[in-house]
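Each chain, letter by letter, is given below.
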Amino acid sequence: MSEKEKPYYAETDIGPPDFRKMLPPIIERNYGKWKYHEIPRPGVLVHTSESGEKLYSVRMGSGRLVSTDYIRELADLADKHTDGYLRFTSRHNAEWLLDDESKVEPLIKDLESRGYPVGGTGPSVTSIVHTQGWIHCHTPATDASGVVKSVMDAVFDHFRNMDLPAQVRISLACCLNMCGAVHCSDIAILGIHRLPPIADHEKLGKICEVPSTVGSCPTGAIRPDPKNKSVIINEEKCMYCGNCFTMCPALPMLDAEGDGISLWVGGKVSNARHAPMFSRLAVPFLPNTPPRWPETVEAVVNILDVYAANARKHERMGEWIERIGWEKWFSMTGIEFTDKHIDDYTLAVDTFRMSTQFKW
Ligand code: SF4
Ligand code: SF4
């Protein structure tokens, strides 16, 4: 049995299998030798290698939480069209890898006839990465897939058509622990809690370890309460992160009115034209209004529309804001600038812009 044919479980069952054993032959042959790529139509990338070989990648939008039936269907489609080769991008799009141009159109027709959209390349909105939300996690301040579905329905035309100035990466994290990497997205949707946890003294001593609960708080807001065999929360110091609730289920903090959504803009990971940028606060709070979150959808669409109408070609959201200035951005979008936009974290002084040109 060759190295490549060995099943990955033959060596270990820890960690992911070695990706080199699953590369499509065309990628294996041209590994590290790709010269450039083009996007001939939305949803199709063509990578050309030094050897002249071309790899056609067809990008298909996909949900993040999927069923085994769906995965089996994709695997069957891969067997039918791409010799079994398929991959998922970091934004959970499915990408079909082909070495023959004539196979591209039949694949796209097959995908679209099943209701799977092709797009998300170049200056478009690609799939929205998100976290677990109410489906799975225990600390979410908002839902994940429900909000994302509502937003994506409203911006879906930008997935199919490359009609924006540049890529717009939208992300959602349902609490500020940020499994969703919302710190570096063009538009970030972030669930926030606004109330501290409430200690359930009855249960706490029985189901939680007090020292590790105290130690879990990054701001030192928890101290032991030996009298009640529980803990005391200093609400002034609490930043509503939910860390303590992860440690101790007797410190619940979910609240229908207090929890909601904030929007952040202008982050990016790319090094092109400008160094990577962090997302900055745009809208401090929007209520949780399932099942369709109209306030959040409206606010995201507004930010996207103003960007699409005013940014220059190739200019990412953060680059555009930096060029026009935050003051103008707030007035163009009609978003109110409030005291919540001012960073009052203890160590924020180190990051303040303190020149005479300081605006906000
Ligand atoms: Fe859980 Fe927070 Fe991650 Fe959402 S972002 S899945 S609430 S830890
Ligand atoms: Fe500390 Fe976070 Fe718990 Fe507040 S929510 S008490 S900041 S761990």
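For the structure itself, consult the block above.
Colleague: A description of the pairing of strand S3 (residues 54–60) should follow, citing residues and the corresponding values.
Modeller: S3 sits mainly inside the fold: six of its seven residues count as buried. Pairing of strand S2 (residues 44–49) with S3, which is carried by five bridges, proceeds in the antiparallel orientation. When the sheet's bridge partners are listed, leucine 45 is paired in S3 with serine 57. Connecting S2 to the next strand, S3, in antiparallel fashion are four residues, including glycine 52 with a positive phi near 95°. By the bridge criterion, five bridges tie S3 to strand S5 (residues 94–98) in an arrangement that is antiparallel. Across the sheet, residue tyrosine 56 finds its bridge partner in S5, namely leucine 98.

Colleague: Which residues make up the state of the cysteines, and what values do they have?
Modeller: All chains considered together, the criterion is met by one disulfide. A sulfur-sulfur distance of 2.1 Å marks the disulfide that ties cysteine 208 to cysteine 248. In this structure, the disulfide formed by cysteine 208 and cysteine 248 twists by about 80° around the S-S bond and is classed as right-handed. Of this pair, cysteine 208 sits in the loop between helix H6 (201–207) and helix H7 (210–215) while cysteine 248 sits in the loop between helix H8 (243–247) and strand S10 (260–265), and the two are 40 residues apart along the sequence. Here cysteine 208 falls in the buried class, since its relative accessible area comes to 11%.

Colleague: How would you sum up a negative patch on the surface? Please name residues and give values.
Modeller: Together, Asp76, Asp79, Asp83 and Asp99 make up a region of like negative charge exposed at the surface. Relative to the assigned elements, aspartate 83 resides in the loop between helix H2 (68–81) and strand S4 (86–88).

Colleague: Tell me about the site of ligand 1, and please be specific about residues and values.
Modeller: Inspection of the region around ligand 1 gives Thr131, Gln132, Cys137, Thr139, Pro140, Cys174, Cys175, Asn177, Met178 and Cys179 as its neighbouring residues. Its residues assigned to classes, the shell around ligand 1 comprises six nonpolar, four polar and no charged.

What counts and what doesn't
Residues numbered from 1 in each chain as written. Chains lettered and ligands numbered in written order. Predicted model: local features only at pLDDT ≥ 70, side-chain atom pairs only at ≥ 80, totals over all residues. Heavy atoms only, no water. Buried < 20%, exposed > 50% of the residue type's maximum accessible area, 1.4 Å probe, protein only. Helix = DSSP H or I, 4+ residues; strand = E, 2+ residues; numbered from the N terminus. Pairing = 2+ DSSP bridges. Disulfide = S-S within 2.5 Å. Patch = residues over 30% accessible without salt bridge, like charges linked within 9 Å, V, L, I, M, F, W, Y side chains within 5 Å. Areas by Shrake-Rupley, 256 points an atom, 1.4 Å probe, with all protein chains shown as cover. Salt bridge = Lys/Arg side-chain N within 4 Å of Asp/Glu carboxyl O. Lys, Arg positive; Asp, Glu negative; His and termini not counted. Charge placed at Lys NZ, Arg CZ, Asp CG, Glu CD. Near = heavy atom within 4 Å. Nonpolar A, V, L, I, M, F, W, Y, C, P; charged D, E, K, R; others polar.

Treat this as a map of the structure, not an account of what it does.
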